[in-house]
Amino acid sequence: MITLSVNGQPRQLKVPDEMPLLWVLRDELDLKGTKFGCGVAQCGACTVHIDGEPVRACITPVGGIGDGKVVTIEGIAGSRQGRAIQEAWLELDVIQCGYCQAGQIMTATALLTQNPTPDDAAIDVAMEGNLCRCATYKRIRAAIKSASGQPVDDTRNRGTEA
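Please read these numbers as outputs of a predicted model, since none were measured by experiment. (Residues numbered from 1 in each chain as written. Predicted model: local features only at pLDDT ≥ 70, side-chain atom pairs only at ≥ 80, totals over all residues. Heavy atoms only, no water.)

A. How the structure looks around the nonpolar core. Counting residues in hydrophobic clusters, the biggest one holds 20 residues, and the most contacted among them are Leu4, Leu21, Val24 and Val62. Mapped onto this core, the elements with two or more residues apiece are strand E1 (2-6), helix H1 (21-28) and strand E3 (47-50). Not counting residues up to four positions away in its chain, the partners in contact with leucine 21 are Leu4, Val48, Ile50, Ala57, Thr60, Val62, Ile65 and Val70. Among the nonpolar cores identified, the runner-up in size contains 19 residues, and Ile73, Val94, Met127 and Ala142 belong to it. (Core = buried A, V, L, I, M, F, W, Y, C linked by side-chain atoms within 4.5 Å. Buried < 20%, exposed > 50% of the residue type's maximum accessible area, 1.4 Å probe, protein only. Helix = DSSP H or I, 4+ residues; strand = E, 2+ residues; numbered from the N terminus. Contact = heavy atoms within 4.5 Å.)

B. Structural view of the packing of helix H2 (residues 80-91) against helix H5 (residues 137-147). Two elements in contact, H2 and H5, have axes separated by 8 Å at closest approach and are oriented at 130 degrees. As the angle between them shows, H2 and H5 are arranged oblique. The handedness of the crossing between H2 and H5 is right-handed. For the pair H2 and H5, the contacting residues are Ala84, Ile85, Ala88, Trp89 and Glu91 in the first and Ile140, Ala143, Ile144, Ser146 and Ala147 in the second. (Axes fitted to C-alpha atoms, helices over the stretch in contact; angles between N-to-C directions. Parallel < 35°, antiparallel > 145°, perpendicular 65-115°, else oblique. Left-handed = near helix turned anticlockwise from the far one by under 90°.)

C. Here's a closer look at the pattern of salt bridges. Per the counting criterion, the structure on display carries four salt bridges. The partner of aspartate 120 in a salt bridge is arginine 141, with the nearest N and O atoms 3.9 Å apart. Residue aspartate 120 is located in helix H4 (residues 120-127), and its partner arginine 141 is located in helix H5; the two are separated by 21 residues in the primary sequence. Taking relative accessible area as the criterion, arginine 141 reaches 27% and is therefore assigned partly exposed. A salt bridge links aspartate 120 to lysine 145, with the nearest nitrogen and oxygen atoms 2.9 Å apart. Here aspartate 120, found in helix H4, pairs with lysine 145, found in helix H5; they are 25 residues apart in sequence, far enough to count as distant. Here lysine 145 falls in the buried class, since its relative accessible area comes to 17%. (Salt bridge = Lys/Arg side-chain N within 4 Å of Asp/Glu carboxyl O.)

This is the structure:
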């Protein structure tokens, strides 16, 4: 039996220690916001927080989490930074297909928790492991700046962004 803290709630599960956290969240706990992307920690779609640090749930064995506190996209609004990022995402219309956005939001929230006013370079470094097939990178950067209270360049051009 494994006991996890997920979004502030203790959860007891009868799963193998080596089961990836992603499948525990999606299949055992019915938390579908964390997405399966690549399965090898390269795309960032499965990003969650363990003790405030962004980790790839697709390669994180549930048995190795121990007393760590897991936060998913379903619980990220519990932090000031998480709420601010989600509000900025909606305000700036960041989402296109939406598939990668949970992972993007999780990584962006961790960034703002560690660096409340990141510049473009810091944002780019923090977000580089999160891929977006719709290429909304300029809007993602703008949303992070907005959530941090910094001025935002006009992102209303909805064309393809590189």
